[in-house]
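Remarks on the overall topology
Take a look at the letters that make up each chain.
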Amino acid sequence: MQKEHRLVREVYAAKTDMEKADRLIRDYIPFIRSETAKFLTRFCTDQDDEYSIALIAFHEAILGYSRERGAFLSYAAMLIRSRLIDYQRKEVRHQNQVSLYEEQEEDGRALVDELQDGRNHYEESANLEATKQEIEELAAVMANFGVSFSDVSDHSPKQERTLEACREAIRCGAEDGDLLAELLRTRRLPMARLAALSGVERKTLERHRKYILAMLLIQTNGYEIIRGHLRHVLRRRGGLTA
């Protein structure tokens, strides 16, 4: 705990002092390299573009960190993974653009002419990996709030009317910066405030608290893939009817 407090002080000092920021980055290069290696599922070298992106993301974490976000290294790890996922997606799009119209040596035809059903297996594989990364990241964040995916499924609305009420609560909560700050600080959903903002009965919010909490985390942390993916999973398991 004392080590974490010292690290937080160092992070705050590094926000406005570039030399201290450089020193902090150098001190945590093993951590940065380890997070990059986890993403790559192989050893990380100085020549990897991903390593450079992770270094930049760590500095971004220094500038964007606040105590309300929890442990700094957890926040930095999530930001590194997020930036690496963004990079991976861009690389996939770039490679697809290059390869689609490149003629093959065998028959001189462009690859775009040979794709069936408009599907590209490499892109699908990359999207699956990106989805896996987001799910693992979200699971770790939710665990800090005492919520699991099975909890979300068990507490998700079963009726259309209740689903609409929860959607309204989520919308109101996502638009209220003070409510989100309190949620992140206390790791508890401010029920009274959310009920007042949304007009939804508190007993409804209480019944679906874990579902609403998870959806708020998804809405406020930029999980682009999961926003659609999680709804699909919940519908398939009977958690949603809409």
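Computed from a prediction, not measured in an experiment: that's the story for all the values here. Chains are numbered independently. Their residues run from 1 in the order of the written sequence. The predicted origin of the model limits local features to residues at a pLDDT of at least 70 and limits the giving and counting of side-chain atom pairs to 80 or more, whereas totals for whole chains, interfaces and linings rest on all residues. Values reported for side chains reflect all heavy atoms of the structure, with hydrogen atoms and water molecules removed beforehand.

Section: the overall build of the chain
Quick note on the threshold: Secondary structure counts use DSSP, requiring at least four H or I residues in a row for a helix and at least two E residues in a row for a strand, with both numbered from the N terminus. Contacts: residue pairs with any heavy atoms within 4.5 Å of one another. In this description, accessible areas are obtained by the Shrake-Rupley approach with a 1.4 Å probe, and a residue is regarded as covered only by the protein chains that are shown.
Looking only at helices and strands, one finds 13 helices and 0 strands in the chain. Element order for the chain, N to C, with α for helix and β for strand: α-α-α-α-α-α-α-α-α-α-α-α-α. Taking the intrachain contacts of the chain between residues at least 6 apart in sequence as the baseline, contacts between residues at least 24 apart amount to 60%. Surface exposure of the chain reaches about 14,000 Å², of which carbon and sulfur atoms provide 48%.

So, helix α9 (residues 177-186)
The line we're drawing: Accessible area is worked out with a 1.4 Å probe on protein chains only. A residue is then buried under 20% of its type maximum, exposed over 50%, and partly exposed in between. An arc is given here, and it is the one of the directions from the helix axis to the C-beta atoms. Under the rule applied, a polar contact is a pair of N or O atoms within 3.5 Å (in protein, one hydrogen donor and one hydrogen acceptor; residues adjacent in sequence only if both atoms are side-chain atoms).
Taken as a whole, α9 has its buried residues at L179, L180 and L183. Down the axis of α9, the buried side of the element spans an arc of 100°, and every buried residue falls inside it. Across from the buried face of α9, at angles greater than 90 degrees, the exposed residues are G177, D178 and R185. With a side-chain oxygen positioned 3.1 Å from the backbone nitrogen of D178, the residue opening α9 is D176. Of the residues one or two after α9, R187 is the one with positive phi, at around 60°.

Re the packing of helix α8 (residues 160-175) against helix α10 (residues 191-198)
For clarity, the cut-off: Axes here refer to lines fitted to C-alpha atoms; in helices the fit is confined to the stretch in contact. Angles between the N-to-C directions go from 0 to 180 degrees. For classification purposes, an angle smaller than 35 degrees is called roughly parallel, one larger than 145 roughly antiparallel, one from 65 to 115 roughly perpendicular, and anything else oblique. Residue type decides the class: Asp, Glu, Lys and Arg count as charged, Ala, Val, Leu, Ile, Met, Phe, Trp, Tyr, Cys and Pro as nonpolar, and the leftover types, Gly among them, as polar.
Packing of α8 against α10 leaves a shortest axis separation of 9 Å and a crossing angle of 105°. Taken together, the axes of α8 and α10 are roughly perpendicular relative to one another. Two secondary-structure elements touch here, α8 through E168, A169, C172 and G173 and α10 through L194, L197 and S198. Classifying every residue of the contact of α8 with α10 gives 4 nonpolar, 2 polar and 1 charged.

Focus on the packing of helix α3 (residues 29-40) against helix α4 (residues 49-64)
Quick reminder of the rule: Whether a crossing is left-handed or right-handed is set by the direction in which the near helix is turned from the far one by less than a right angle, anticlockwise for left-handed and clockwise for right-handed.
Remark: α3 packs on α4, axes separated minimally by 9 Å, with the N-to-C direction vectors making an angle of 125°. With respect to α4, the axis of α3 lies oblique. α4 is crossed by α3, and the crossing has right-handed handedness. Facing α3, whose interface residues are I29, F31, I32, R33, T36 and L40, α4 presents E50, Y51, A54, L55 and F58. Split by residue class, the contact of α3 with α4 holds 8 nonpolar, 1 polar and 2 charged.

A look at the packing of aromatic side chains
The line we're drawing: Pairing of aromatic rings covers Phe, Tyr and the six-membered ring of Trp, with a centre-to-centre limit of 6.5 Å; geometry is then stacked below 30 degrees between planes, edge-to-face above 60, and tilted otherwise. By definition, being over a ring means that NZ of Lys or CZ of Arg is both within 6 Å of the ring centre and within 35 degrees of the ring normal.
Counting across every chain of the model gives 6 aromatic pairs. When the ring of Y12 is compared with that of Y65, the centres are 6.3 Å apart and the planes differ by 75°; the resulting orientation is edge-to-face. One end of the pair, Y12, is in helix α1 (residues 2-14); the other, Y65, is in the loop between α4 and α5 (72-100), and 53 residues separate them in sequence. Residue classification places Y12 among the partly exposed residues on the basis of a relative accessible area of 29%. Ring geometry for Y65 versus Y75: centroids 6.0 Å apart, planes at 45°, classification tilted. In this pair, Y65 sits in the loop between α4 and α5 while Y75 sits in helix α5, placing the two residues 10 residues apart along the sequence. Owing to a relative accessible area of 13%, Y75 belongs among the buried residues under this scheme. Feature note: the residues Y12, Y28, F31, F58, Y65, F72 and Y75 constitute an aromatic cluster, connected by ring pairs. Sitting over the face of the ring of Y12, K15 holds its NZ or CZ atom 5.4 Å from the ring centroid. Its guanidinium or amino end placed over the ring of Y12, R67 lies 4.3 Å from that ring's centre, counting from NZ or CZ.

Overview of unusual backbone geometry
With a phi close to 55°, T41 is a non-glycine residue in the positive phi region. Considering the arrangement of structural elements, one finds T41 in the loop between α3 and α4. Taking relative accessible area as the criterion, T41 reaches 65% and is therefore assigned exposed. The phi dihedral of R187 falls on the positive side, at around 60°, and the residue is not glycine. Along the chain, R187 turns up in the loop between α9 and α10.

What about the environment of R188?
Assignment of secondary structure puts R188 in the loop between α9 and α10. Sequence separation between R188 and G146 is 42 residues, and the spatial gap between their C-alpha atoms is 9.4 Å. With residues near it in sequence (within four places) discarded, R188 still touches E182 and L183.

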